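Each chain is listed here by its residues.
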Amino acid sequence: MLVRRFSRLPLAILALVAAVLGSGLAVAVGAHIAHATTGYSGAYFDSEQNEFVGQGQSWVLPTVTYNGLHFGYPQFTASNGTDSFVIQISAPAGQLLVPGTYESAQRSVVRAAGYPGLDVYGDGRGCNVVAARFVIDDATYDASGNVLTFSARFEQHCEGLATALFGEFSYNSAVPIDSRTVSANALQFTSAGGQPITRSVILTNNGPTTDDPTQFALTGPDASQYSLTSNTCTSPLAANASCSATVQFTPLSTSETAHAQLSFTDELAPLGSTGEPAGAGTGRFINLTGIAGSGSNRGSITGTVTDSSGAPLAGVCVLFVDPATGTLTGPEATTASDGTYSTGNLLPWTYHVYFLDQCQSTSLANFTPVIYNNASTLATATPVTVVVGPVGGVNAQLAVGGQISGQVTNASGSPVEGADVTAFPMGDVPSVSTTTQTDANGDYTLLGFATGSYAVEFNDCPPLIGCQTQWYDQATSAVSSTPVNVVAGQAATTCID
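My aim in this report is to walk through the structure given alongside it, one point at a time. (Residues numbered from 1 in each chain as written. Predicted model: local features only at pLDDT ≥ 70, side-chain atom pairs only at ≥ 80, totals over all residues. Heavy atoms only, no water.)

Some details on the overall build of the protein chain
Where we set the bar: Put simply, DSSP H or I for four residues or longer makes a helix, DSSP E for two residues or longer makes a strand, and each gets a number counted from the N terminus. It only takes one pair of heavy atoms within 4.5 Å for two residues to be counted as in contact. Surface exposure here means Shrake-Rupley accessible area, sampled with a 1.4 Å probe, where a residue is shielded only by the protein chains that are shown.
Tallying secondary structure elements over the protein chain gives one helix and 35 strands in all. The contacts of the protein chain with a sequence gap of at least 6 include a subset with a gap of at least 24, amounting to 67%. Per element, the accessible surface of the protein chain, about 19100 Å² overall, is 53% carbon and sulfur.

With respect to the sheet that holds strand 13 (residues 186-191)
Under the convention used in this document: Strand pairing is assigned whenever DSSP detects at least two bridges linking the two strands. To get an axis, a line is fitted to the C-alpha atoms, and for a helix only the part in contact is used. The angle between two axes follows their N-to-C directions and goes from 0 to 180 degrees.
Taken in spatial order, the four strands of this open sheet run 13-19-18-15, and their pairing is mixed. Since the sheet does not close on itself, it has two edges, and those belong to strand 13 and strand 15 (214-219), each with one partner. Put simply, the sheet's adjacent strands are angled 15° from each other on average, direction ignored. As judged from the nine bridges shared by strand 18 (residues 256-265) and strand 19 (residues 284-292), these two strands associate in the antiparallel manner. Paired with Thr 257 across the strands is Ile 291, a residue of strand 19.

Quick word on the state of the cysteines
As used here, a disulfide is simply a covalent bond connecting the sulfur atoms of two cysteines. Filter applied, for reference: Our working definition of a disulfide is a cysteine sulfur pair at a distance within 2.5 Å. Residue exposure (1.4 Å probe, protein chains only): buried if accessible area is under 20% of the type maximum, exposed if over 50%, otherwise partly exposed.
The final tally for this structure, using the stated rule, is two disulfides. Covalently, Cys 233 is tied to Cys 243 through a disulfide, its sulfur atoms 1.9 Å apart. Because the sign of the S-S torsion sets the handedness, a value of about 95° for the bond joining Cys 233 and Cys 243 places this disulfide among the right-handed ones. Remark: Cys 243 occurs in strand 17 (residues 242-249) and Cys 233 occurs in the loop between strand 16 (226-231) and strand 17; sequence separation between them is 10 residues. On the basis of relative accessibility, which here comes to 3%, the residue Cys 233 falls in the buried class. Relative accessible area serves as the criterion here: at 3%, Cys 243 is assigned to the buried category.

Some words on the environment of Thr 494
Relative to the helices and strands, Thr 494 resides in the segment after strand 35 (484-486). A sequence separation of 91 residues divides Thr 494 from Gln 403, and the C-alpha atoms of the two residues are 8.3 Å apart.

Things to note about the pattern of salt bridges
Our working rule: For this analysis, a salt bridge means a side-chain nitrogen from Lys or Arg found within 4 Å of a carboxyl oxygen belonging to Asp or Glu.
Overall, the coordinates contain six salt bridges when judged by the stated rule. Here Arg 180 makes a salt bridge to Asp 46, at a shortest N to O gap of 2.5 Å. Taken as a pair, Arg 180 in strand 12 (residues 180-182) and Asp 46 in strand 2 (residues 40-47) lie far apart in primary sequence, 134 residues in all. Judged on exposure class, the residue Arg 180 and its partner Asp 46 are both buried. Between Arg 107 and Asp 119 there is a salt bridge; the shortest N-O distance is 3.5 Å. One end of the pair, Arg 107, is in the loop between strand 7 (100-106) and strand 8 (117-122); the other, Asp 119, is in strand 8, and 12 residues separate them in sequence. Across the pair, Asp 119 and Arg 107 agree in class, each one buried. Among the charged side chains, a network of salt bridges with common partners joins Asp 46, Arg 180, Asp 266 and Arg 284.

Observations concerning the nonpolar core
Where we set the bar: Throughout, nonpolar core names a set of buried Ala, Val, Leu, Ile, Met, Phe, Trp, Tyr and Cys residues whose side chains join them through atoms within 4.5 Å.
In terms of nonpolar packing, the biggest core is built from 34 residues, with Phe 45, Phe 76, Ile 89, Leu 97, Phe 134, Ile 136 and Phe 150 touching the most fellow members. Those residues within four positions of Phe 76 in sequence are excluded, and the remaining contacts are Val 64, Thr 65, Tyr 66, Asn 67, Phe 85, Val 86, Ile 87, Ile 89, Val 147, Phe 150, Phe 169 and Tyr 171. Judged by nonpolar contacts, the second largest core, of 22 residues, contains Val 182, Phe 189, Phe 249 and Leu 262.

Focus on the sheet that holds strand 14 (residues 197-205)
Taken in spatial order, the four strands make up an open sheet running 12-14-17-16, and their pairing is antiparallel. Of all the strands in the sheet, just strand 12 and strand 16 have a single pairing partner and so form its edges. Looking at each pair of strands side by side, their axes are set apart by 20° on average, direction ignored. The pairing of strand 16 with strand 17 spans five bridges and is classified as antiparallel. Residue pairing for strand 17: Tyr 226 is matched across the bridge by Phe 249.

By themselves, these are just geometric observations and shouldn't be taken as functional.
See below:
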């Protein structure tokens, strides 16, 4: 399996984060440990719009398995048969995870002394840097420290962003899994004549216990142009009951765009302590976008992606890099079978457009990523200025990429099967890591690299032992690792062992 993952970190600090923190995206899952299940096992995840791991979706995940201890703390997998997420959760080093509230959590494997840890990742997406909080509702262990029962609620933010992934999961616990449906992660108010317009969001408690949404508030840069005209969410919701909040947008002119957020808190998104980082503990929010003038102040980008022979390429992800902040976002579009793509509803701005083959697939072809206009670095790329209306002809041609191959062995020289191998680009390029696993002979091959230097990380996580991490060549961190140089279109860089 070969997976590419992109980060939303500002490019100016990506190299520093990679050097100090390591990958954050390639941690293998240990073998499942069977325990008799007599209580609830399951999970519910709820992701805000533009949140990276959850991609703005929500899931009911009926299967939760315990993977054993990871660096001394429990690791779980939540799945619905199609989507699968790993949950790593830990108390400050040396402390036992017990029921209670844990604030200011950091990514588990790199958390600082005195801080709790959380890392929720899956479906090919994860965080380099985590700001989080969680509440343990149930935790019991056997004499060896393995989990007997466990239940927790969490809030995770990737890369210092305000958007959050909320979740609740139970393993063999008497604490049931609650879920609720938010009818929309975003509300758009389009006022052709500049008149006030209203939209509603509906909250449905799917049970089995009550939910209590409260503290509805309007925040954001243009919050004064919005008002909460009605709210039926004024008392706890019984299972299968719904309530609604209605918001009105009042334009100040006949042609404008106004942004705000409607936020609320409940058992699945509880408020945190004062001073929580990156927006943690501020509750669940719905993005509000008001457009006066029928959206006539928006633009779009269209183009075609081909290979070096001119044949169209399907499944190529189109991402944006903000030249001002270096922030990578996306995918904003994916090419169709004829290689074409279109991104719409864009605010007038200047972007770098980045093309990455199959960025969320588990099977990659050997095509190198490029930045418009067919550049391999941001310094040589051509920015695209979006104006009101369409911008066409933003095309790309993906050439044959470079490869990295090698073998992973243990201290006795025996091959290690199932170890994760991840390569991170170094230098002035968007941060997109590529991950694969070793086969039965310990061999691996990574595909699809542009010409440049890469840091290569090896992770092996045997059950009950914890993860062992090493960087090439026999290094203990990215800072001390030996860069691997790759040339696109040439034979693989071999013996990266």
